[in-house]
Amino acid sequence: MYDFAVVGVGPAGARFAREAAATGHDVIAFEKGTIGTPLACSGHVSTDIWEYVPDGAVTDLRQNTIYGARFHVGGPQTDPHPFYNREAVSNVIDRVDLDRTLATAARSCGADIREEHTVTNIDERHDRVTLTVSHSGDKETFRARMVAGCDGPVSRVRRQAGLPEPDELLHGVLAFDSTPDTADFVDVHLTAPEFFAWRIPRGEAGVEYGLAAPPNESVSALFDRLTDAYDVETEQFCSGAIPIGPPSRVHTRRVFLIGDAAAQTKPFTGGGILYGMTAADAAVATIDPDDPATLRDYDRAWREELANEIELGHWIRRAYSLPPTVQRAGLRALSGEIAVHMDRPTSLFSRDQLRALVGR
C-alpha cells in the first residue's frame, strides 16, 4: 500500500512525486511512455522555473535568454509593438530534458518512477484506490491511499473518477527550424482565431514556430500560413490539446488532479508548467493520505494561489478577439519597457509596472 500513486510524470507529476517522497511518503509514479516524449508543449518559460529544478541544471537546460516580445496584429511583415525589460523576463529551455531532470530529482528523493507503465483503470474505495497497470503486455495491480492524476489535458484519471472537464480544450501545434537563432525577443502574432501564433528563438537549437486555436479551426492550415510568411521549412511537428479553465471540482474522496489534468494553466498563453508545479507544492503542503478531508484544503490552497491569475488571464485573452484597429491602438499605447511577470498577470497592477508606465 503506497501513500500516493501518481499517474503521469510530466512537470506537475514529477514535482509532486519528488516533494511528497522528500517528506517521507511512499510514492509510486507511472508514465505511460518514455518520460519527456512525445514533446507536447513549448519550452518558453519564466525564470521562476529555476526554483523548481536541482542546483546546476540551468547550464544543461537553458537554450536562450529572452528580454521581451514583439506583438504583431498581422504577419511578420506588419509593424511590431515591442514589450521588454532590461533584465531577463524568460528563458527558452530544453523541454524534453526538463521532464527527465525533474523525474531524476523525484527518484533521488525516493519516489518509485516507472516508465512504459500505462494505468488502464482506477477503482476507488472508501479506504484505498486500486490501480490496474499495463506493462509489456502484462497487467499488475497496485494499491494506494490516494491517487494524483497528473496525466494531462485528456486525463484518464479525471474521466474515470467522474470529475468534470475543463471549460475548453484548444488545439496547439508547433514545429522547429534547425537554423540557430540567438535573438532575445519572441514574436507573437494575433492571427490565430481566439488565440495567437508565435516564433521563439532557441539559440543553437534553432527556432520554434507554433500556434493554438479552438478545435473547430484548421490549425494545420493556420500553421502553414505562419511558416510560409516566415519562408521556413520546419520539422518535428507536434500537436496536442491545451486545457483552459479549471473545473469546479478537482478531487473525489481519494483522487485529486494536478496540472493540465486540472486545467491549471494560463488562459492567455496556455502554459501550465509553473502553475502545475505551484499546485503540486500546494498538494504536498496540505494533503494527508490518511485523511481524505484534507483534499478540500488542497483545493482551497491552489485556488488561493492561482485563481486571481487565471481569472485575469481570461480577460487578457479576450483582447485577442478585439477588432484589429483596437488591438493596434492598445499595443501602441502600452508597448515599451514593462515590469510584468509572464506567469502573474496581476503584476499588471504592481508598483513596478506603474513606475515603468510613468517613466516612459
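One structure accompanies this document, and this report is about it. (Residues numbered from 1 in each chain as written. Predicted model: local features only at pLDDT ≥ 70, side-chain atom pairs only at ≥ 80, totals over all residues. Heavy atoms only, no water.)

**Some remarks on the sheet that holds strand β15 (residues 207–213)**
Strand order in the open sheet made by the eight strands is β16-β12-β15-β14-β13-β5-β6-β18, with mixed pairing throughout. Looking at which strands have only one partner, the edges of the open sheet turn out to be β16 (235–244) and β18 (336–337). Sheet topology note: the strand β13 (residues 185–189)/strand β14 (residues 197–201) ladder contains three bridges and is antiparallel. Residue pairing across strands places aspartate 187 opposite arginine 199, the latter belonging to β14. Sitting on the sheet, helix α5 (residues 219–230) is in contact with β12 (168–177), β13, β14, β15 and β16, with an inclination near 145° to β15. (Pairing = 2+ DSSP bridges. Helix = DSSP H or I, 4+ residues; strand = E, 2+ residues; numbered from the N terminus. Contact = heavy atoms within 4.5 Å. Axes fitted to C-alpha atoms, helices over the stretch in contact; angles between N-to-C directions.)

**Some remarks on the sheet that holds strand β4 (residues 62–66)**
The three strands lie next to each other as β3-β7-β4, forming an open sheet whose pairing is antiparallel. For this open sheet the edge positions go to β3 (44–46) and β4, each flanked by a neighbour on one side alone. Adjacent strand axes in the sheet meet at a mean angle of 30° when their direction is disregarded. Strand direction decides the pairing type here: β4 and strand β7 (residues 90–93), joined by four bridges, are antiparallel. When the sheet's bridge partners are listed, isoleucine 66 is paired in β7 with serine 90.

**Remarks on the packing of aromatic side chains**
Per the counting criterion, the structure on display carries twelve aromatic pairs. Taking the centre distance of 5.0 Å and the plane angle of 90° together, the rings of phenylalanine 4 and phenylalanine 16 count as edge-to-face. With phenylalanine 4 in strand β1 (residues 2–7) and phenylalanine 16 in helix α1 (residues 11–22), this residue pair connects regions lying twelve residues apart in the sequence. Summarising the burial analysis for this pair, phenylalanine 4 and phenylalanine 16 share the class buried. Geometrically, the ring pair formed by phenylalanine 223 and phenylalanine 237 is edge-to-face, given 5.5 Å between the ring centres and 80° between the ring planes. Pair noted here: phenylalanine 223 is in helix α5 and phenylalanine 237 is in strand β16, with a separation of 14 residues, a long-range link. Aromatic ring contacts, followed pair by pair, group Phe4, Phe16, Phe256 and Tyr298 into a single cluster. The positively charged end of arginine 318 is found above the aromatic ring belonging to tryptophan 315, 4.2 Å away from the centroid. (Phe/Tyr/Trp six-rings, centres within 6.5 Å; stacked < 30°, edge-to-face > 60°. Buried < 20%, exposed > 50% of the residue type's maximum accessible area, 1.4 Å probe, protein only. Lys NZ or Arg CZ within 6 Å of the ring centre and 35° of its normal.)

**Notes on the layout of surface pockets**
Here the second largest pocket is characterised by a volume of approximately 280 Å³. Forming the walls of the second largest pocket are 14 residues, and the residues nearest its centre are Asn85, Val89, Ala339, Val340 and His341. For the lining of the second largest pocket, the residue count by class is five nonpolar, six polar and three charged. (1 Å grid on protein atoms, 1.4 Å probe; cavity = no way out; pocket = protein on both sides within 12 Å on 5 of 7 lines; lining within 4 Å. Points joined across faces, edges and corners; volume = space filled by probe spheres on them. Nonpolar A, V, L, I, M, F, W, Y, C, P; charged D, E, K, R; others polar.)

**Details of the pairing of β12**
Counting buried residues along β12, seven of its ten residues qualify, which places the element largely inside the surrounding structure. By the bridge criterion, eight bridges tie β12 to β16 in an arrangement that is antiparallel. Bridge pairing links histidine 171 to alanine 241 in β16. Examined bridge by bridge, β12 and β15 share seven bridges and lie antiparallel to one another. Looking at β15, one finds that glycine 172 is bridged to alanine 212.

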